[in-house]
Each structure stands twice: as C-alpha cells, then as structure tokens.
Amino acid sequence: MSSDASSQSGPPTLVPREKTTGLHVGEATPGCKKVDPIIVADNVRRSFGGVHAVDVDHVEIPRGAITALIGPNGAGKTTFFNLLTGFDTPDEGKWSFNDRSLAGVPAFKVARRGLVRTFQLTKALGLLTVLENMKLGATEQRGERFFTSLFPAAWRSQDKEIEERARELLVRFKLDAKVDDYAASLSGGQRKLLEMARALMSNPTLVMLDEPMAGVNPALTQSLLDHILDLKEQGMTVLFVEHDMHMVRHIADWVVVMAEGKIVAEGDPSTVMSDPAVIDAYLGAHQDVDLGVVTGRVAGDGADADASRHMIEEESNDELEREEKKR
Amino acid sequence: MDWGQIFNQSASSIISTTTIAYALAALGLGVHFGQAGLLNMGVAGFMAVGAYGYAISILTFGFPWWLAAIVALLAAVVFAMILGVPTLRLRGDYLAIVTIAAAEVLRLLLLTVAFEEVTGSADGLYGYSGDFQAANPIPDGEYGFGPWQFNQNELWPIVIGIVLLALAVLLVWAMMRSPWGRVLRGIREDEDAVRALGKNVFAYKMQALIIGGVIIAAGGIVYTLGSNASPGVYVTSLTFFVYTIVLLGGAATVFGPVLGAVIFWVLQFFLSNLMPALVDAGVLPFMTANQAGMVRFILVGVGLMLLVIFMPQGILGNKKEMTFVK
Ligand SMILES: Nc1ncnc2c1ncn2[C@@H]1O[C@H](COP(=O)(O)OP(=O)(O)OP(=O)(O)O)[C@@H](O)[C@H]1O
Ligand SMILES: [Mg+2]
C-alpha cells in the first residue's frame, strides 16, 4: 500500500496534503461531468406528500476523491443518502455505482458491492459490546453462515484476524479502552466514532458518512480527518455530509451543494464557498466573522466587524418585517 | 397439612415431560425473542404443530413414531415460513399480531368438526403411543429415588425429552457464540444498521424463526409423546406461560429458559398443592379449595408483570444490560 509511510503512528505530517484536482470535465456547473465518476444519478426524485425532498436531475460523484455534500437543514441530503443506499425508494430515477445500476437493489446488497454508509442519527448496537459492533462490520465471514457457524474450526481463525483489525481501528478512533463495554454505554460522540469505525471494517470502495464529526471533539476530529485522508490515498472514495465548514474546506476535494432537493452548485471548496448563490442559500454572508462579533458580545477588530454587525442587524430586522407582513 | 407431600409433589415436577416440553418451548422462544428480537406471540401454535403433526402422522398416515416426530418438525419449518414470508419484512409488532392470530386460527381448525376424522376435534387425539412404547428399550421396573420414581413407561418419554432438550441447548449454545448469533443480536438491536453492513436481515430473521419454531415444536412433541393431543392445551395463555418462563430465566441467555421452566413448574405444583391445603386447614376461609387452586394462574399473571417491570433481564441475564433497557 502506497500510504504505509504516512499511516505510521508518530507526529502527524505538517505538510498539507495535496488536494485531488482535475476531477471534472468542462465547467464546474451543477451536474457537470466527471473524469471518472463512481456514482452517476439521473432524475432521482422523492417527495413526501407535497415536499420534494430530493429532485436531482443529474449528478456525478468523482472516484478516488473526497466529496462533501452540503446544504441547509432539510435540503434533502439524508434522503438522498437513503435513496442511493437502498434504504428508501425514489418515485423515479436511475443511479449507478461502479457502472452498475443500483436502482431497486436492496440495501444489504448495496453494502456488499462496497458502498457502505453511516447514519445521521447514530445506530450503535446498544447491547452488543464495542468489539462485537466492530466485528459485525467485517464482510464475507464464514461464521455468519448458519451451518458453518456451528463449527468453530471453520471460522475461528478468520474471527481472530477480524478482531485484530477491529482493535487496531479502535485505537485509531480512541475507543480502545471501551472494547468490552456495551455500545449503549458510550457517549454520543463515541457512538458516532464507533459507527464510522464499524463502517470502515468492511473496507468499502465508497463510504458515505452522514455528519460524521457532529459531536466529536476537535483534536480527535483532526486525527480522524487524517485517517480519512490516508484511506483516500489507499483508493477509497468518500462522500460526506457536514455542516462544519472547516472540515469541508480542510479535506474535501469537491463540494456539491444541495438546496430544496436540487443540486444548486458544484466545484472545488474555495470556489463553491465564494459563490454568492451558496453564500445566500446556506453559508450566510458572515461566515468569516467571529460569532461573538456577530452577536455584539465581543468588540470586533475595527470598523469592518462593526459594519458587518450592523448589516446583520438590519438584515434580521428586514426579515422580521417581511415575516410580519406575511401574516 | 401434609408438608411432606406438598414438597414431594413440587420436587417431582422438576423431572417431568411437562417441564421438559416447556423448557424446549422456552428455549425456542428465547431464540426468537431473546436473540433475534422477534415478538413471536404464537408459541402455542408452534407447539400445536409439533403435537398434532406427530399424532396425525401416526394415526392418519401410520408412520413409525420417530418418522412422525421428524414430520412434525418439518411441519414447524413450513409453519414458520408461512408466518415469516409476509411479515418479517414489516415492523416487529406485525409479527406479534400475525403470530397470535395464526395460532388462534390453527387452534380453531383443530377444534372444528369439519376435520374431526383427522384432528379429533374437541376430543383431541389419543391412543397413538403404542409404537412409541413398543420401541422402549428400558427393561420393566421401577427407577429413581426420592420424589423421582418412574416405571419404564414413564421414564422412556422423559429420556427422549431430555435427549432432545440437551441437543437443542447444544445447538442454541453453538449458534449464539458464533458470528451468526452476533448478527442475530445485531438485528435485535437495530436491523437497519445491520443491513447497512451488508447482511441479509430477512434471511437471518427467517432462519431464526425456523430454528426457534422447530425447537418449540419439539416441545409440543415431547408434551404429547406418551399421552394425548388436546386442543384445549394450545391456547393463548400457554404462550404467556412460556413468555413468563423465558423472562424469568433470562431471554437473552441459553440456559435461562431451561432454568425458568423448572422454577415455573415447581412453583405451579407447589401452589396448586399448597393453596387447597391452606383452605382445608382453614387459613383461607373466604375461598373454596377449587378457587384456591385457580389462584396460581392469577399469581402467574402478577409474576409476569413484576418480572417485566423489575427484572427484565431475568435470573441468568446480565445485570449490566438492565442499565440500558429503554
Ligand atoms: N420520512 C419522511 N417523511 C416526511 N418527510 C420527510 C421524511 N424524511 C425527510 N422528509 C422531509 O424531506 C426534507 C429533506 O430531509 P433530509 O432529512 O433529507 O434533510 P437534510 O438535508 O439531511 O437536513 P439536515 O442537514 O438537517 O440533516 C425535509 O423537508 C424533511 O422534512
Ligand atoms: Mg440530514
């Protein structure tokens, strides 16, 4: 494996890692073609009653890169994840993974093809130990077939290997002290970590993470992001949903923006984040200003911050007035 | 009051076909409910399939007793598949509704006069144990000691029952320590999470339903081996007795259901002897001896409620689990 050197433990490399570029063909418009797409979705739509939760005309996810899916609350990101992984059925649409159609394929078969996802609302298996949770993630276990399960000789050695791998990953995820505890005894952030580690146990081709770092402390986030970058170097593709823009900026090679079910922008992180439409719909104009300055609790550095605070106040006043008028 | 007789009776129930039959049923339900989280409310139905499958195979088709037992177990496989195919894809509670309904339908089918020739209707089936007893290798005589005394005819079904129970315990133990059992327990906790890891959840639930169902049906066979099959036995309250046993011993354990069955029947016998004796002794002047005998069923209900509220993990269950029961 090419990344062996960098995945060795020791002080993290301070050299910023190269972002993967040259992923798309032509202009970076919503739904643009990719050089080597791993997922291609066409006309995927899902509505709940009157709400068009997902309404995607065309989108391609680049292979071998880290793609962030961002967008306001209720934009349809989780629903899109559910559709892609077979946990929900769209009203219409086609999508393929590794050039094979995934439409109508049940969730467990999607996972077996190498597309593994995690959930926004964490699903730790409470009354299984942390180690058992991890072992469950491994694929192609002989002991999971009914008849062979009765003969330990058939699966014991494989189970040992899986356990070793699980323990290594747990160290990485700082859960090694919890190995034999019930997953139900973990804290919220620890459960997120366990779910992500469990997904990685299957060595997926594409891992889809729904807000993986929500509730994870900053130091651990950094070390895990490092781990994700390692995995990318080993050839894994990552698609993740995240509201933490630092994380998006730090590790995403490509950003897809969703709003009201549609793909509204695509591009490399810096371009997308300076796109006025994205700022308007999602980021807000003041993402670089300290929150304390925005709320007026901290004196900003000079007129700049002051001005932006005024702007924010005016904007919110405007909005209030608009709301009033609607009534 | 004759305490000696009361204790003797209670102790004798430790080794009886009834206790063994309930232990098997509880073991099977433990696989369903404790391991896979399948809310099977049709335990009585599975037992009836075992009992009647066995009796009908002998009386109607003239099979030897061991072949009849195998046919009865295969019938349980079919019954499990009929229940599972439409319901295992749905949410858990639906399985409960369908299984309780299926068990009732089955009981009414056994009761209706339309099939009287085969099922014996309300009289049930009897007089089929000749072949079984003829196969008895135990020489004539009295065996055992203390409260446990059996002649060769009583001992034979008990031996078969204990062998079946031991095999079933071994099977369940082997399954549950394996990765297969791990997947099953994962499904109990959250089936979507297990699905996301590439496991065919439906297939696992079906396998669990079949294996548990076959073990429950084996209980039905043991219950009827040397005696008769009567539709009045396979009522819904039987299902609740088996649930009480499973919860008492520990649903998610291998030996809990067996221990639960023993405790349950010892208590039943103890109370059914004690209560009328108390009435006779004038301690319970407000009841007749008959009423007092029935009180034990009320006590079972109260016991089930107390168990679920205060000790849902059961006697052999892991205390740590309790902290996390929602
Ligand atoms: N099962 C459902 N039934 C009805 N409406 C739903 C359902 N699931 C999602 N929706 C609606 O679909 C829309 C998209 O929801 P989704 O969960 O995909 O948002 P999201 O982009 O993941 O948001 P967030 O960032 O808050 O997680 C929302 O308006 C939501 O109310
Ligand atoms: Mg979401």
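Everything here concerns the structure above.
Residues numbered from 1 in each chain as written. Chains lettered and ligands numbered in written order. Predicted model: local features only at pLDDT ≥ 70, side-chain atom pairs only at ≥ 80, totals over all residues. Heavy atoms only, no water.

*Asks:* I'd like a rundown of the overall build of chain A, residues and numbers included.
*Replies:* Along chain A, the regular secondary structure elements total 13 helices and 10 strands. The 327 residues of chain A split such that 49% are buried. In chain A, once contacts between residues fewer than 6 apart in sequence are set aside, the share between residues at least 24 apart is 66%. A total accessible area of about 16300 Å² is found for chain A, and carbon and sulfur atoms account for 52% of it. (Helix = DSSP H or I, 4+ residues; strand = E, 2+ residues; numbered from the N terminus. Buried < 20%, exposed > 50% of the residue type's maximum accessible area, 1.4 Å probe, protein only. Contact = heavy atoms within 4.5 Å. Areas by Shrake-Rupley, 256 points an atom, 1.4 Å probe, with all protein chains shown as cover.)

*Asks:* Please give an account of the coordination of the magnesium ion (ligand 2) that cites residues and values.
*Replies:* All names here are of chain A. For the magnesium ion (ligand 2), every protein donor is listed as Thr 78 (OG1) and Gln 120 (OE1), and the spread of their distances is 1.9 to 2.1 Å. You can see Thr 78 sitting in helix 2 (residues 77-84) and its partner Gln 120 sitting in the loop between strand 6 (115-117) and helix 4 (130-137), a full 42 residues away along the chain. On the basis of relative accessibility, which here comes to 26%, the residue Thr 78 falls in the partly exposed class. (Donors = N, O, S within 2.8 Å, 3.2 Å for Na, K, Ca; no water.)

*Asks:* Hey, could you go over helix 5 (residues 92-111) of chain B for me, with residue numbers and the actual values?
*Replies:* Residue and element names in this part refer to chain B. Spanning 20 residues, helix 5 covers 29 Å between terminal C-alpha atoms, matching the ideal 28 Å at 1.5 Å per step. When we look at burial in helix 5, the residues that qualify are Leu 95, Ala 96, Thr 99, Ala 102, Ala 103, Leu 106, Arg 107 and Leu 110. Considered in projection along helix 5, the buried side chains sweep an arc of 140° and stay on one side of the axis. Next to the buried residues of helix 5 lie helix 3 (43-59), helix 4 (65-87) and helix 6 (116-119). (Expected span 1.5 Å × (residues − 1). Arc of directions from axis to C-beta.)

*Asks:* Kindly report on the pattern of salt bridges, identifying the contributing residues and their values.
*Replies:* Using the criterion set out here, one finds 24 salt bridges over all chains in the structure. Lys 33 of chain A is paired through a salt bridge with Glu 60 of chain A; the nearest N and O atoms lie 3.8 Å apart. Of this pair, Lys 33 of chain A sits in the loop between helix 1 (4-7) and strand 1 (37-48) while Glu 60 of chain A sits in strand 2 (residues 51-62), and the two are 27 residues apart along the sequence. Classification of Lys 33 of chain A as exposed rests on a relative accessible area of 53%. When the shortest N-O distance is used, the salt bridge between Asp 190 of chain B and Lys 123 of chain A registers 3.4 Å. With Asp 190 of chain B in the loop between helix 9 (179-189) and helix 10 (191-195) and Lys 123 of chain A in the loop between strand 6 and helix 4, the pair connects residues from two separate chains. By relative accessible area, Lys 123 of chain A is classed as buried at 17%. Salt bridges sharing partners connect three or more residues here, namely Arg 45, Asp 55, Asp 57, Glu 92 and Lys 262 of chain A. (Salt bridge = Lys/Arg side-chain N within 4 Å of Asp/Glu carboxyl O.)

*Asks:* So what's going on with the side chain of Gln 268 of chain B? Which residues, and what values?
*Replies:* All names here are of chain B. Here Gln 268 is to be found in helix 13 (residues 256-280). Judged by its relative accessible area of 3%, Gln 268 falls in the buried class. Each residue touching Gln 268, except ones within four places of it in the same chain, is listed here: Arg 296, Phe 297 and Val 300.

*Asks:* Please provide a residue-by-residue account of helix 3 of chain B, values included.
*Replies:* A rise of 1.5 Å per residue sets the reference length of helix 3 of chain B, with its 17 residues, at 24 Å; its end C-alpha atoms lie 24 Å apart and thus fit the reference within 8%. Taken across its 17 residues, helix 3 of chain B has 16 buried, putting it largely inside the fold.

*Asks:* Give a description of the pairing of strand 1 (residues 142-145) of chain B that names residues and reports values.
*Replies:* Put simply, side chains in a regular strand alternate between the two faces of the sheet. Residue and element names in this part refer to chain B. Here strand 1 pairs with strand 2 (residues 148-151) via 4 bridges, running antiparallel. Looking at strand 2, one finds that Phe 145 is bridged to Trp 148. Between strand 1 and strand 2, which pair antiparallel in sequence order, lie 2 residues; one of them, Gly 146, sits at a positive phi of approximately 50°. (Pairing = 2+ DSSP bridges.)

*Asks:* Quick rundown of the packing of helix 1 (residues 3-12) of chain B against helix 13 of chain B? Include the residues and the values.
*Replies:* Residue and element names in this part refer to chain B. Interaxial distance between helix 1 and helix 13 falls to 8 Å at its minimum, and their mutual angle equals 155°. It follows from the interaxial angle that helix 1 and helix 13 lie roughly antiparallel. Considering the relative orientation of helix 1 and helix 13, their crossing is right-handed. Counted together, Trp 3, Ile 6, Phe 7, Gln 9 and Ser 10 of helix 1 and Val 266, Phe 269, Phe 270, Asn 273, Leu 274 and Ala 277 of helix 13 form the full contact between these two elements. (Axes fitted to C-alpha atoms, helices over the stretch in contact; angles between N-to-C directions. Parallel < 35°, antiparallel > 145°, perpendicular 65-115°, else oblique. Left-handed = near helix turned anticlockwise from the far one by under 90°.)

*Asks:* Give me the interface of chain A and chain B: which residues, what numbers.
*Replies:* With 36 residues of chain A at the interface, the matching set in chain B holds 30 residues. With both chains or domains summed, chain A and chain B bury close to 2900 Å², and 65% of this area falls on carbon and sulfur atoms. On the chain A side of the interface with chain B, the three residues burying the most area are Leu 127, Phe 146 and Tyr 182 of chain A, jointly 21% of the side's total. Connecting chain A to chain B are 4 salt bridges. Here Asp 159 of chain A makes a salt bridge to Arg 182 of chain B, at a shortest N to O gap of 3.2 Å. Applying the counting rule to chain A against chain B returns 11 residue pairs in polar contact (both at pLDDT 80 or more). Of all the secondary structure elements, the ones that give two or more residues to the side of chain A that touches chain B are helix 3 (107-112), strand 6, helix 4, helix 5 (146-149), helix 6 (152-172) and helix 7 (188-200) of chain A. The residue inventory of the side of chain A that touches chain B, partitioned by class, reads 18 nonpolar, 7 polar and 11 charged. (Buried area = accessible area lost by both parts, 1.4 Å probe. Polar contact = N/O pair within 3.5 Å; in protein donor to acceptor, adjacent residues only side chain to side chain. Nonpolar A, V, L, I, M, F, W, Y, C, P; charged D, E, K, R; others polar.)

*Asks:* Run through the side chain of Asn 40 of chain B, naming residues and quoting values.
*Replies:* Residues and elements named next belong to chain B. Among the structural elements, Asn 40 can be located in the loop between helix 2 (17-35) and helix 3. A distance of 2.7 Å separates a polar atom in the side chain of Asn 40 from the backbone nitrogen of Gly 42. Not counting the four nearest positions on each side in its chain, Asn 40 is found in contact with Leu 29, His 32, Phe 46, Leu 95, Thr 99, Ile 216 and Tyr 243.

*Asks:* Go over the nonpolar core with me, naming the residues and quoting the values.
*Replies:* Among the nonpolar cores identified, the biggest contains 99 residues, and Tyr 54 and Val 242 of chain B are the most heavily contacted of them. Counting residues per element, this core draws most heavily on helix 11 (residues 201-224) of chain B, at 14 residues. With residues up to four places along the chain from it excluded, the contact list for Tyr 54 of chain B reads Val 49, Trp 65, Ala 68, Ala 69, Ala 72, Tyr 128, Phe 132, Ile 221, Thr 224 and Leu 225 of chain B. By size, the runner-up hydrophobic cluster in this structure holds 52 residues, among which are Val 116, Leu 209, Met 213 and Leu 220 of chain A. (Core = buried A, V, L, I, M, F, W, Y, C linked by side-chain atoms within 4.5 Å.)

*Asks:* Break down the packing of aromatic side chains for me, citing the residues and quoting the values.
*Replies:* This structure, assessed with the given rule, holds 22 aromatic pairs over all chains. For the ring pair Trp 3 of chain B and Phe 7 of chain B, a centre distance of 5.9 Å and an interplane angle of 25° mean the geometry is stacked. With Trp 3 of chain B and Phe 7 of chain B both in helix 1 and 4 residues apart, this pair spans about one turn of that helix. Judged by its relative accessible area of 40%, Trp 3 of chain B is partly exposed. Residues Phe 264 of chain B and Trp 265 of chain B carry aromatic rings whose centres are separated by 5.5 Å and whose planes lie at 85° to one another, so their mutual orientation is edge-to-face. Summarising the burial analysis for this pair, Phe 264 of chain B and Trp 265 of chain B share the class buried. The positively charged end of Arg 117 of chain A is found above the aromatic ring belonging to Phe 87 of chain A, 5.2 Å away from the centroid. Here the basic side chain of Arg 117 of chain A rests over the ring of Phe 119 of chain A, its NZ or CZ set 4.1 Å away from the ring centre. (Phe/Tyr/Trp six-rings, centres within 6.5 Å; stacked < 30°, edge-to-face > 60°. Lys NZ or Arg CZ within 6 Å of the ring centre and 35° of its normal.)

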